[in-house]
Amino acid sequence: MKRIRGNILALILLIIFILPFIYPNNNFRHILILFLIFAGLGESWNIITGFAGQTSFGHAAFFGIGAYTSTILFYKFHLSPWIGMIFGAILASIISAVVSYPCFKLKGHYFAIATLAIAEIIKQIFVSWDYVEGATGISIPIVEEGVVNFQFHSSKIPYFLIAYAFFVAVVFAAKFIEKNRMGYYLKAIRDSHEAAEALGINTTLYKLYAMMVSAAFTAILGTLYAQYILYIDPFMVFPLEISMKIVLLTVLGGIGSIYGPIIGAAVLIPLSEYTRILLGGTGKGIDLIIFGALIVIIACYEPNGIIGLIKQRSRKGDTSVEKAEALS
Amino acid sequence: MKKQKLSLEKVTMKFGNLVANEDVSFEVNEGEIVSLIGPNGAGKTTLFNCITGFYKPFSGRVYFEGIEITGWPPYKITSLGLTRTFQIVKPLKEMTVRDNVLTGAFLKAKNRKEAEEIADEVLKFTQLYEKRNILASSLTIVDKKRLELARILATKPKMVMLDEVMAGLNSTEIKQAVEMCMKLRESGITLLIVEHIMEAIMPISDRVIVLNAGRKIAEGPPQEIVNNEEVIKAYLGERYHAKSKKS
């Protein structure tokens, strides 16, 4: 059973990898890149919320910090976005630790509300901060394309490859965390704070670790997004919409599961991009209406999302096999 | 002179004006089984919480193996080797039985492989090995209580505090639980047990401590305690005690 599961993940990753080559359409490739970014964001969010049970509605803050750090360093100091990306990840980690440490005293919904508020505060700071060009945003200077400059103009394939590499890295990091001490500790904290303490787990410290790892990955994907779009403003990289999309796609796919964000992003991203392509500006928000309805329908049957439904089915299959074995 | 494991010095716990524990002092020696009994609301669970760091005592001191642990966070106390079960079981619901125990095992294990070895050993000891792949939330109450114990045993404690592990069990299950306590003692673990089922714990206890309304009213070997006037009064009430004297 375990081996089959490992192979399913490998198969999914392989299919994603060959898709842009068998269907060479720029629009499709664009959707794939966004899919990879958002699936990666879902995976990072999963570490703090799916594993550790600390609901964050403010991940756009770290996404934006990642995007802004690399962009500012490139725009003002001509520092390679790759180095900027690392600084962004470190900065997002530090900020996440500083703001979430006091918030960890809050439980459940209150923590979620605090993260929401903090993300909005950070957005407002960027809107009125002249040094980072405020609400006007920054157009990233176009330079020669290439890996070093993290800019590609003639093809989307390099962006796809980078997004794919980041996505795979996040998936394996999440998987590694899940399989080891940290994953067990985070899940223990999620299921019972007190039981976790009685087992010798420093709950605050582990929540902090989870938040920092999650924020760092989110920031890295923020840099990628900025380098891909080549323009950022606070309303693009800090909006509540991004925080919500991360939450919604993971919830639809299956919270706390590696597959959840992949499934969720595979539904949400094509949905929002195609409605946007088909309906233009008037289609704004329709994707979320459809998506919301989907979540409601699925949550009625299985609170653990699509992956929960699949597991339910396979568990039924398992028990029938066991019964058959017992009978024979 | 036996080695002291746990010692309490005048522990007092207040919630606003309500005094839950008042000047409670006692010692537990290495290898002993000590029972903590008392009527409902006597402050047994509060005292447990004060010892294990879930509450910070209002005043008084708690020592474990000579180290003062008053007001330490629970996880630190657990890593010293003193841990507890919860009266209201807290299984890690979305994990399997084995993963529950594995979580505890990580405390003293260097890596996952070592943790798995500890977990399997504990699962066999607590007779949960056959059920290791079941989700913790779908266990029966007896097995949930076993799991509660298994999980903390995986942290390799030196002393375990059991909070009503036998409540709600039938007589066969109680017997098994008692045997488990004896086996724990043989393996060198000191036990402090809160329990209501007297016939189960009286025979295995070295000493019994009685709490009533937050105060320690008696301490001694089980035979002494069952004949102690104060204790009978606390359990039966003044009036009935008086009646029993007349007749």
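These figures come from a predicted structure and were not determined experimentally.

**Some details on the overall build of chain B**
The secondary structure content of chain B amounts to ten helices and ten strands. Its C-alpha radius of gyration of 18 Å places chain B within 12% of the 18 Å reference for a compact globule of 247 residues. Per-residue burial for chain B yields a buried fraction of 43% across its 247 residues. In chain B, the proportion of contacts linking residues at least 24 apart, taken out of those at least 6 apart, comes to 64%.

**What about the overall build of chain A?**
Assigned secondary structure in chain A consists of 14 helices and two strands. Expected size for 328 residues packed as a compact globule is a radius of gyration near 20 Å; at 20 Å, chain A falls within 12% of this value. Considering only C-alpha atoms, chain A reaches an extent of 70 × 50 × 35 Å along its principal axes.

**A closer look at the interface of chain B and chain A**
Taken together, the 24 residues of chain B in the interface contact 16 residues of chain A. Mapped by element, the contributors of at least two residues to the side of chain B that touches chain A are α2 (74-80), β6 (82-84), α3 (97-105) and α5 (141-153) of chain B. Each residue belonging to the side of chain B that touches chain A can be placed in one class, and the counts come to ten nonpolar, seven polar and seven charged.

**Focus: the sheet that holds strand β2 (residues 18-29) of chain B**
Sheet strands line up and pair through hydrogen bonds in the backbone, either parallel or antiparallel. All names here are of chain B. One open sheet holds the four strands; their spatial order is β2-β1-β4-β5, and the pairing between them is antiparallel. Each end of this open sheet is capped by a strand with a single partner; those strands are β2 and β5 (67-68). Of the strand pairs in this sheet, strand β1 (residues 4-15) and β2 are connected by eight bridges, and their pairing is antiparallel. From the neighbouring strand, Leu6 faces β2, where its bridge partner is Val28. Packed onto the sheet, helix α1 (residues 44-51) meets β1, β2 and β4 (59-64) and runs at close to 65° relative to β2.

**With respect to the environment of Pro39 of chain B**
With respect to the secondary-structure elements, Pro39 of chain B resides in the loop between β3 (33-37) and α1. Separated by 77 residues in sequence, Pro39 of chain B and Glu116 of chain B have C-alpha atoms that sit 41 Å apart.

**Details of the environment of Pro221 of chain B**
Tracing the backbone shows Pro221 of chain B in the loop between β10 (215-220) and α8 (222-226). Considered as a pair, Pro221 of chain B and Met202 of chain B are 19 residues apart in the sequence and their alpha carbons are 8.9 Å apart.

**Comments concerning unusual backbone geometry**
Residue and element names in this part refer to chain B. A positive phi angle is found at Gln127, which is not glycine, with a value near 60°. Within the secondary structure, Gln127 sits in the loop between α4 (112-125) and α5. Taking the number of C-beta atoms within 10 Å as the measure of exposure, Gln127 has 13 and is therefore partly exposed. Even without being a glycine, Lys156 presents a positive backbone phi close to 50°. With respect to the helices, strands and loops of the structure, Lys156 is situated in the loop between α5 and β7 (159-163).

The rules behind the values
Residues numbered from 1 in each chain as written. Chains lettered and ligands numbered in written order. Predicted model: local features only at pLDDT ≥ 70, side-chain atom pairs only at ≥ 80, totals over all residues. Helix = DSSP H or I, 4+ residues; strand = E, 2+ residues; numbered from the N terminus. Rg over C-alpha atoms; globule rule 2.2 N^0.38 Å. Buried ≥ 20, exposed ≤ 12 C-beta atoms within 10 Å, placed from the backbone. Contact = placed C-beta atoms within 7 Å. Nonpolar A, V, L, I, M, F, W, Y, C, P; charged D, E, K, R; others polar. Pairing = 2+ DSSP bridges. Axes fitted to C-alpha atoms, helices over the stretch in contact; angles between N-to-C directions.

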